[in-house]
Number of protein chains: 4
Amino acid sequence: MTSTEHVEITGHLMDSGILSRVLDDIRQYGGDWVIERIDVGHEASDMSTATIKIWTDDDDDLQRLLMRLQTHGVNMVDPGEASVTVADTDGVFPDEFYSTTNLETRVRVDGRWVAVDNPEMDCGLVVEGEGDRTRVYTLPMSDVKAGMRVVCGAAGIKVTVPEVAKSSESFGFMESDVSSEKPQAVLVRQVADGMRDAKDNGKKVLWVGGPGVVHTGASPAMVALVNAGFVDVLFAGNALATHDIESALYGTSLGVDLAHGRGVEHGHEHHIRALNTIRKAGSIKAAVDSGVLSGGIMHALVTHDKEFVLVGSVRDDGPLPDVYTDVIDGQRAMRAKLADVGFCLMVATMLHSVATGNILPASIPLVCVDINPATVTKLADRGSSQARGIVTDVGLFLEQLAQELVPEYRRP
Amino acid sequence: MTSTEHVEITGHLMDSGILSRVLDDIRQYGGDWVIERIDVGHEASDMSTATIKIWTDDDDDLQRLLMRLQTHGVNMVDPGEASVTVADTDGVFPDEFYSTTNLETRVRVDGRWVAVDNPEMDCGLVVEGEGDRTRVYTLPMSDVKAGMRVVCGAAGIKVTVPEVAKSSESFGFMESDVSSEKPQAVLVRQVADGMRDAKDNGKKVLWVGGPGVVHTGASPAMVALVNAGFVDVLFAGNALATHDIESALYGTSLGVDLAHGRGVEHGHEHHIRALNTIRKAGSIKAAVDSGVLSGGIMHALVTHDKEFVLVGSVRDDGPLPDVYTDVIDGQRAMRAKLADVGFCLMVATMLHSVATGNILPASIPLVCVDINPATVTKLADRGSSQARGIVTDVGLFLEQLAQELVPEYRRP
Amino acid sequence: MTSTEHVEITGHLMDSGILSRVLDDIRQYGGDWVIERIDVGHEASDMSTATIKIWTDDDDDLQRLLMRLQTHGVNMVDPGEASVTVADTDGVFPDEFYSTTNLETRVRVDGRWVAVDNPEMDCGLVVEGEGDRTRVYTLPMSDVKAGMRVVCGAAGIKVTVPEVAKSSESFGFMESDVSSEKPQAVLVRQVADGMRDAKDNGKKVLWVGGPGVVHTGASPAMVALVNAGFVDVLFAGNALATHDIESALYGTSLGVDLAHGRGVEHGHEHHIRALNTIRKAGSIKAAVDSGVLSGGIMHALVTHDKEFVLVGSVRDDGPLPDVYTDVIDGQRAMRAKLADVGFCLMVATMLHSVATGNILPASIPLVCVDINPATVTKLADRGSSQARGIVTDVGLFLEQLAQELVPEYRRP
Amino acid sequence: MTSTEHVEITGHLMDSGILSRVLDDIRQYGGDWVIERIDVGHEASDMSTATIKIWTDDDDDLQRLLMRLQTHGVNMVDPGEASVTVADTDGVFPDEFYSTTNLETRVRVDGRWVAVDNPEMDCGLVVEGEGDRTRVYTLPMSDVKAGMRVVCGAAGIKVTVPEVAKSSESFGFMESDVSSEKPQAVLVRQVADGMRDAKDNGKKVLWVGGPGVVHTGASPAMVALVNAGFVDVLFAGNALATHDIESALYGTSLGVDLAHGRGVEHGHEHHIRALNTIRKAGSIKAAVDSGVLSGGIMHALVTHDKEFVLVGSVRDDGPLPDVYTDVIDGQRAMRAKLADVGFCLMVATMLHSVATGNILPASIPLVCVDINPATVTKLADRGSSQARGIVTDVGLFLEQLAQELVPEYRRP
C-alpha cells in the first residue's frame, strides 16, 4: 500500500543543486514525487521554498526516505509527534531508530519542540526527563544503554540548514566572485578572517592535522600560530606528534621525497627512539616539564596550556603515551572538546579530517587544506557539506597564514 | 673521538640501487666511509659483495648508524656478542635498544647464533632462556615488560636479505622483461601464480582490503576467490565489512562516484542501519548463522571458516561487534595470524596496507593493487622493500584474477 | 541605463543543477534576475520550464550574458531577428560576434528560422545566401575571411539542449540507478551498447586515443575492435601511432613503469628509429603496403580502410609523415571527419580529448576513459557537458570491451 | 656471432643508481655483461669508474645498445673513428644513424675529436667541412636534407655527463642534507640562487609556463620577476598568453575550481573574445603599443623587450597571432632561443615542459614546479636526468620566489 507524505524545504534551492539531490534520493529509495508548490526568491539573498508530495510502496521505506531527506534539510510539513522506543540492549538501537544529521535539530516530545543538544551525524536521539525538563541529545551507537528512550522513525523531527553557505560576508569562500585578486592570497586571507572572527566571538579554533604539517616544513609557522593564540585545540594521530617530537629531539627534518611531495615516514630509527623517549618520560607534558622536549608544535601546545586529542590507528608505532589506542574512546575525547569551537581548519590528514567531519555540527565553518584533491572532496562526499576545500601546498599555505595572522612572524 | 667499524653487504648491489641508499644513510647520520673492497658478480644472477669502512664522531652515533644500515642488509664484518639490558619499565625499552628490521635476523648470545622467531620492523629483541634453550623474539614497544632482557646496540646481530627481489622465477614482477604480452594480463597472471605457489606449498594467502573492493563491484569476484580457497585470512577495517554487509542486506551497491572512481561512503542511513543490525545479532558469524546475513564477502569467509581481523579507526561508525576498537589489540590480533602466510595481496586500502606492511616479514611476497599511485609508493617508502605495486582499477583487476584462478567463474 | 530581457529554459531543471549554473553566470556578468514563472514537471521524465527576467547595467553586457546563457540552453523569449555584420579582416570576427555553443542552433534571418549546419563551440556563425537558400554555419576564428557575413549579438538565436542526458534508455550512464550489478561491468556494457546502437543506426564510432592504449597492453583488444568494425575513425597524436608502430616493428612493449601506471615514453632509440623507418617508407599506408609494417593498431586501421587523423604537438619527435604538424590544419582535418559520427570514446589522452571535445556537437554521446581523474573532469569543465567519465585502467577496460563486443576475442 | 665491446663509465656510480640502469638496459637489449674493473671513489665527491665488457648476438644490436648506453654517459673504451653516411632523402636519416643524447658530445672525425655544437636528444649528428674546419651539429629528423653527411653507428663518439647532479654547491637540490630548515623555504631559496647565479654569469633565465600560472593567481608575482630581470625568455602555449590577456582585458580572474586546484579554462566567451581582440590588433606587441593591452605577463615581457615563443596545440582556440601553429616550426623557434640559457624553470605545464626537456642540453640546470606529481616525474622519465622536481602550489611558490628575488615586491 502506498505511503504518502508532504515535505517542505527552504533554502537556496535554485543555486545550490540541493533540489536535485533531494529528487535523486527519492528515486534511490524507490519513491516518487510531485512538486506541488515552489516559491522562488526574487533576490540573490532570498530563500526559495518548495512543497513536495512524496510516496513509496510501504511505510518503512517512507520513514527511511524521510530520514534520508533530512540530511538535506527537508522536513515534513506536518511532522507530528516523535515516536520513542526503549533500547533493550547495550550498544544497539531499536530497529527503526532515527539516524541523525549534523544539522540543528528539534524534536517534538509531549507537544513541545525540544532542541537537540549536540548535533552529530549518524547517531541516535535519546530522550531524557519529562515536561519542561525534557532533554534530547545525540548518542553514538556504541554508547547507547539498555533502558534509554530512543527516537524512532522520522515523525516529530525538524532540522534547520545553516545559512552560512550562502549569506556569510566574513567567509564567502565558494561564491564565485569575479575578482582580480590572487586566488591563493584571497583564500589565505579568508581563513585568517575566519579564525579572527571565531576568536573575536569568544570561540575556539580547532585544528586537525597530519604529519604533513611537519614534513612540509610548516612547524615554525604552526608554532607561531599556537603562540599567537590561533590554535586552541588540536586533533591528530600518533604520527604528527611523533614526527614533531622526533624533529625537536634529533634536530632533523626527515628527508623530503621531492617526487611525491611528502616525507618518508618510516623505517627511520629516530622515529622509534623518539617514541621510546616520551614513553619513558610518561607523557608529552612530563617530557616538556622535565626539559626533555624543548621545541616544536606539541611543546608549544603544552607550554600555552592548549588542548590536544591524539587518537591512534592500526599503523602506529609506539604509540606515544598520550595517544588513545581505543578509537571509540578517542572519538569520545574528541567530542568532549567540540563545545565552543567556532572555526575548524584541517591540514594534511584524511583519516582525522573525516573522523572530525563525522562528529562536527554543520554549523561550524570548516576548511580543509591538502595537496591531494581526494582528501578535500572526500569530506564533502561524506556529508560535511559546509566543508570548503583548498588544494595547495600545506607548507606554503601555513607560512602565508602565519604571515597574515602573526605580524612579527619571520620565516626561519 | 672517531668510532670505526667494518661492515659488509652482499646482494645485487649494482642493479638494486641499494649501495646508493647505504651511502646516503651514512652521510645522513653524519658519518663517512671508504669502500675497501667490492666483488662484482659476473652473471646476472650473481651477487656482489662490498666491504666498507665507516666511521662517525662518537660511538652512540655509530651504533645507531649500524642499526640503520641493517635495514638494508648491511652487517658488521665482526659483529661480536649481543649486549643485553634489562628493561626497567613496562612499555619502555632500555635507551639504546636495538630497533629491528623486517629481515631474517640472527643474534649472537653466549657465543651462539640464535635465529629471531618472528621478524618485524621497529620492534625490540627480547632474549629468553639460556644456553641451548635461548630464544630471541621481536616485541613491539607497547608489549615490553619490566624485567625482560632486551638487546641493545648493534653488536652481535646479523640480518639476511631475501633473494626474492631478484632470483624468483615464479614471481619476477619488477624485472623489466622485454615482452610482447599485455602488461596487465601479465601482472594478473603473476599474482595468480604467486597465490597458487603459496597454496601448493601449504601456505596461507593473506588479503588486506579496503572498502573499494565493494565500491568497484569486485565483491562477486572476491567471493568466488574465497569459495575457491584463495583467501585464507582477511585484514580489513570496519568499512570493508560494513559496506559488504550493507550491500548484502539492502541489495544496493552504493552509487559510484564516476568522477573520482570510488563510492560515496557516508551519510547513507543504510550504512548505519546495517551496523545496528549486526550489533543486534552479536557478531558477523551470529548474523550468518541466524540467516540475517546471507551473501557477500564476510558471509563467504564465515561459511568457509576463513579468518579475518577487523581493526577499527577513528573515523568508524558503529563499529561492527567484530571490530577491534583498540588498535594495539588489533595489531596483536593481526600478528597472531601471520604464521604460515606465504603470499600477501593488498587491495584498495592505504591504512591497513601500511599497518600490515609494518608487521610482515620481508620474506613474504607482497603485492599492492590500487588505482591511487600514492598507496603503492607509500608501502615501499615505509620499508616494505619487497612490495610490488600495481596501479590499476581494483574492480577489473579482481575480475580478471577470478577468471584466471577460478575456471568456472562467470561475471554476474 | 539598465537593459532587460526575458529568457526561458526548458529541461530537467530540478535535478540537473543547471538553473544554479544559470543564476551563477548572471551574477558573474554583473546582472540580476527575477524568476517570473517556473513550471515543474510532475513525472521523472517531464521537463520543467522557467521564465526569468534578467537585467544588466548596459546593453553590451546583456548581449554577452545572453550568449553565455545559451551555453546552458537558455533562449530569449522573444529573440527577434539576428543581426549580421560583414567581417573586414581575414581571421578576425566583427567585435560583437556571436560566440557559439555546441548545441543544436537555429538563427532567424529575414523572418525565417535557419538551422545551423555544424554546431561547434567557440566559433562564429556565418550567413550565406538569401531567402530560401540561406545557409548558416559555424566557422572557427582562424577561417573567417573579409567579406563574410557574421552574426553579432545574441538576438535571433535559439539553441536546443539534447535530451540524451536524461531520457536515454540505451545510454543512461550517470543516472544513479540502484543496482546490484558490478559498477565496472555495467559501464563496459553501456559503452558496448552505445557503440552497437551507433552502428545499428548507420553511424560511425569515433575513437580518440593516447599512447597509454599501447603502454597498458590494450593493443590486441583494440585491434580486435578495429577488425570487428567498432573503430571507424581514430583521432590521435604522433605518440600513439609511433608507439604502436615501434611495438609492431621491434616486438617490444616498452617497460611499464609500475609505480606510475604508464610507460616510459622517451629516450628509447627504438622510438626514434621507428619514426625514421616510416618516414623512409613515405607514409603509414606505404609501410603497410610494402610489408614493412605488419601488425598493431595502425596496421589494422589501414588494412580495414578506416580513417585516422594524427595531429602533432610541440613535444613530438619525428614526426610520422602522416602527422599534421600545423595544428589548425589538424583541427580542420578532424572537423572533416565528424559527419555521421554517432558515438565517441576517448581513451588515455588529455590533449586530444579536449581538442575533440572542442569541436564535437553536444548531440553526440561521449565517453572518456582514463586512470587519471583529472582528464575526465577536465572535459566536462570545458563545456562538453554530455561527457561521461570512467576512471579506470585503460588496459583492463579495453580488454573487457573487446570481450563484450567481439565474442571470438581471446586474450593473447 | 657474438659481438663484444669494452665500455667505461665514470661518475657517482655508487649513489646515483646509474649502474643499475646501465645493466638493465644491457639486459633489455638482449645483451650480457661482465664488470671487469670498478674503482670506487673514497670521498663523497670522488667519482668512480667502471669498465664493463658487453656483448650481444649480432653487431646491429650491439651498435644500438652502445647508443642507448650513451644516454647514461657510457662510452666505448676504444671508440675508434665515426662512420659517416650521406642522407639520400629529405627528412630521413640513413638507417643506422646515431641517435643523440642531450649530453656534451664529441665525435672523432678524420683522427680528431670535434665537439658537437648543440647537444639535443633524439637527433642525428651532421658533419660539415673538413680537417680543421670540421663541424658536427645535432639536427632533428625533420630538418635533414639529402646530401648531408650523417654519423652512423656508435663508433667514434664520446659523451660527458655534467657534474652538476652531484658537486654543485649553488644548486644542491636533491642531496638529502640533514637540515632543520623548512623544506619549502629551502627549495624557493635554491631556485632563487640558481637564477641569480645564471644572471651573475651573464646567462639567460628561461621560463616554461602553463595557464596555471594565471589561474593560481601568480601573475603579479611573475610580472614582478619579469620587471626585475629574472625572466629572459618564455616558452608557452596559446593558453597561458590568452588567459593572461583575458585577465588583463576584462579584469577578471577565472573562477578557480577549488576542488581541483585549477581554473576552468573554457567555454567562457571572454576567452574567445580576448583572442579576437589581439588578432584584430595584429600581434601582442601591436596590442601593447596601441594601448589595447596594458597589463599582465605578456605586457611585461613586451615592455621589457623580453623574448617569448608561443607554440600552438590541437586544442587551441584562436589562436593568438603570435602563436606558431606549425609545431615543427615552433620547435625550431624554441631551439633558436636556447643559446646562453643558464637556468630553466618550468611551471604548471606538462606539454611545454616535456617539449623543452626534449631540446635542452643536459648541462642546463632545470627545475620543474607543479602541483601534479605526474608532470614532475614525466620529465625525468623522458631523459631530462638533470631535472629537479618540486611538487607544490604554483601560486604560493611564485609568490615566495618573488619575495625572495624582488625585495620591494608586495602581495597585491
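Cut-offs applied
Residues numbered from 1 in each chain as written. Chains lettered and ligands numbered in written order. Predicted model: local features only at pLDDT ≥ 70, side-chain atom pairs only at ≥ 80, totals over all residues. Buried ≥ 20, exposed ≤ 12 C-beta atoms within 10 Å, placed from the backbone. Helix = DSSP H or I, 4+ residues; strand = E, 2+ residues; numbered from the N terminus. Pairing = 2+ DSSP bridges. Expected span 1.5 Å × (residues − 1). Contact = placed C-beta atoms within 7 Å. Least-squares fit on C-alpha atoms with pLDDT ≥ 70 in both. Axes fitted to C-alpha atoms, helices over the stretch in contact; angles between N-to-C directions. Parallel < 35°, antiparallel > 145°, perpendicular 65-115°, else oblique. Nonpolar A, V, L, I, M, F, W, Y, C, P; charged D, E, K, R; others polar.

A. Quick peek at the pairing of strand 6 (residues 104-109) of chain C. Residue and element names in this part refer to chain C. With burial as the criterion, only one face of strand 6 is covered, namely that bearing T105, V107 and V109; the residues E104, R106 and R108 on the opposite face remain uncovered. Relative to strand 11 (residues 157-160), strand 6 runs antiparallel, the two sharing 4 bridges. If you follow V107 over to strand 11, its bridge partner there is I157. Sheet topology places strand 6 next to strand 7 (residues 112-115); 4 bridges connect them, and they run antiparallel. Each bridged residue has a counterpart across the sheet, and for V109 the counterpart in strand 7 is R112. Between strand 6 and strand 7, which pair antiparallel in sequence order, lie 2 residues; one of them, D110, sits at a positive phi of approximately 50°.

B. View of helix 9 (residues 269-281) of chain D. When the terminal C-alpha atoms of helix 9 of chain D are compared, their 19 Å separation across 13 residues agrees well with the 18 Å that a helix rising 1.5 Å per residue should span. Among all positions of helix 9 of chain D, only E269(D), H270(D), H271(D), I272(D), A274(D), L275(D), N276(D), I278(D) and R279(D) are buried. In the core, the buried residues of helix 9 of chain D are packed alongside helix 3 (59-70) of chain C together with helix 8 (238-250) and helix 10 (284-289) of chain D. At the exit of helix 9 of chain D stands G282(D), carrying a positive phi of roughly 105°.

C. Here's a closer look at the relation of the copies chain B and chain A. Here chain B sits on chain A after a turn of 180° about the axis and a move of 0.0 Å along it, with an RMSD of 0.1 Å. In short, the pair behaves as if placed about a two-fold rotation axis. Within chain B, D326(B) has its C-alpha nearest the rotation axis, a separation of 1.9 Å. A shared interface surface links the copies, since 100% of the contact residues of chain B are contact residues in chain A too.

D. Geometry of the packing of helix 8 of chain D against helix 9 of chain D. All names here are of chain D. Remark: helix 8 packs on helix 9, axes separated minimally by 9 Å, with the N-to-C direction vectors making an angle of 90°. Here helix 8 lies roughly perpendicular to helix 9, going by the angle between them. Along its contact with helix 8, which presents T242, I245, E246, L249 and Y250, the element helix 9 presents H270, H271, A274, L275, T277 and I278. A per-class count over the contact of helix 8 with helix 9 returns 6 nonpolar, 4 polar and 1 charged.

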